[in-house]
Amino acid sequence: MSLLPNSGSPVPVETASRSRRPEEVTERLLNSAITVFGERGFESATVSDIARRCGLTTGAIYARWPTKHELFTAVIEHTSAQRMLLLIKDAEATTAEKLTMLGATLFISTRDDTRNLWIEACVSASREPSLHPAVAQCQEAEAGDLAEIVAEGKASGVIDPSLSTDAVVFLCQSLSLGTYLAMRVQAEERGRPTDDDWSEIVARLIRAIRPGH
């Protein structure tokens, strides 16, 4: 017996499992793991926490990922494959519009579980060397997508060709991680910038990397 999320009544695990295809169960487990790892970090989160969160047994997890380490790696890869950046990169939009969209997504609260997970992944990778390759690989994949946007911007005259692509990419990734980290630890009485104020700051940053600035 186990509890479904946000439910006060137990349901048979077998019934919950049979009602879903294997790929749906896998997706459910990964999404549960994103939340739990994001809340507690790699070291504190347990497999039983993750299974309980989505109303399944630990056996459903171990059948797919024999160790917590393998589960965590799978969660990082799953999160990376669902990055907002992938949608923005392929959007029918100018480079300036894509950069503006990237800036706007930093304040979207519906992505908090994913961003919590990524912050915890970076912290865990700095403490546990065996986790570093998976995190670094995902970070590099993101850097590659950003580099494509920067190259497109240089070719179209939106970004100064003399600027280092690596430097622009590093700035974008630093803003992404840093912005959300700042929001997590700021005092409650200090409100977030308004959408208009934030859009103006992003617009000025984009103008600053244009040719002639």
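It should be noted that the structure appears before, not after, this text.
The sections below set out a description of the structure shown in this document. (Residues numbered from 1 in each chain as written. Predicted model: local features only at pLDDT ≥ 70, side-chain atom pairs only at ≥ 80, totals over all residues. Heavy atoms only, no water.)

**Looking at the side chain of Ser80**
With respect to the secondary-structure elements, Ser80 resides in helix α5 (residues 68–81). Setting aside residues up to four positions removed in sequence, Ser80 forms contacts with Leu86 and Cys138. (Helix = DSSP H or I, 4+ residues; strand = E, 2+ residues; numbered from the N terminus. Contact = heavy atoms within 4.5 Å.)

**Comments concerning the state of the cysteines**
Scanning the model with the defined rule gives zero disulfides in all. Considering cysteine sulfurs only, Cys138 is the nearest to Cys122, which forms no disulfide, with 9.9 Å between them. (Disulfide = S-S within 2.5 Å.)

**Thoughts on the nonpolar core**
Residues Leu29, Phe37, Ile61, Leu71, Phe72 and Val75 are the most contacted members of the largest nonpolar core, which totals 29 residues. Those elements that provide at least two residues to this core are α2 (22–44), α3 (47–53), α4 (58–62), α5, α8 (112–127) and α9 (132–156). No other element matches the eight residues that α2 contributes to this core. Contacts of Val75, omitting those with residues within four sequence positions, involve Leu30, Ala33, Ile34, Phe37 and Leu117. Counting residues in each nonpolar core, the second largest holds 22 residues, with Leu102, Ala143, Ile159 and Tyr180 among its members. (Core = buried A, V, L, I, M, F, W, Y, C linked by side-chain atoms within 4.5 Å. Buried < 20%, exposed > 50% of the residue type's maximum accessible area, 1.4 Å probe, protein only.)

**Examining α5**
Taking 1.5 Å of rise per residue, 14 residues should cover 20 Å, and α5 covers 20 Å from first to last C-alpha, within 8% of that figure. Taken together, the buried positions of α5 are Leu71, Phe72, Thr73, Ala74, Val75, Ile76, His78, Thr79 and Ser80. In this structure, the buried residues of α5 make contact with α2, α3, α4, α6 (84–89), α8 and α9. (Expected span 1.5 Å × (residues − 1).)

**Topic: the packing of α5 against α8**
Orientation of α5 relative to α8, taken along the N-to-C sense of each, is 130°, at an axis distance of 11 Å. Accordingly, the angle class assigned to the pair α5 and α8 is oblique. Where α5 crosses over α8, the two elements pack in a sense that is left-handed. Within the contact between the two elements, α5 uses Phe72, Val75, Ile76 and Thr79 and α8 uses Thr114, Leu117, Trp118, Ala121 and Ser124. Taken together, the residues of the contact of α5 with α8 break down into six nonpolar, three polar and no charged. (Axes fitted to C-alpha atoms, helices over the stretch in contact; angles between N-to-C directions. Parallel < 35°, antiparallel > 145°, perpendicular 65-115°, else oblique. Left-handed = near helix turned anticlockwise from the far one by under 90°. Nonpolar A, V, L, I, M, F, W, Y, C, P; charged D, E, K, R; others polar.)

**Here we look at a nonpolar patch on the surface**
Where nonpolar side chains cluster on the molecular surface, the patch consists of Leu171, Leu175, Ile201 and Leu205 and spans about 320 Å² of accessible area. Within the element layout of this structure, Leu175 appears in helix α10 (residues 165–185). On the basis of relative accessibility, which here comes to 32%, the residue Leu175 falls in the partly exposed class. (Patch = residues over 30% accessible without salt bridge, like charges linked within 9 Å, V, L, I, M, F, W, Y side chains within 5 Å. Areas by Shrake-Rupley, 256 points an atom, 1.4 Å probe, with all protein chains shown as cover. Salt bridge = Lys/Arg side-chain N within 4 Å of Asp/Glu carboxyl O.)

**Structural notes on the pattern of salt bridges**
A full pass over the atoms with the stated rule returns twelve salt bridges. Between Arg21 and Glu23 there is a salt bridge whose closest N-O contact spans 2.8 Å. Note on Arg21: relative accessible area 48%, which makes it partly exposed. Judged by its relative accessible area of 47%, Glu23 falls in the partly exposed class. Put simply, Glu148 and Lys89 hold a salt bridge, and the shortest N to O gap is 3.7 Å. Of this pair, Glu148 sits in helix α9 while Lys89 sits in helix α6, and the two are 59 residues apart along the sequence.

Nothing here speaks to function; it is geometry throughout.
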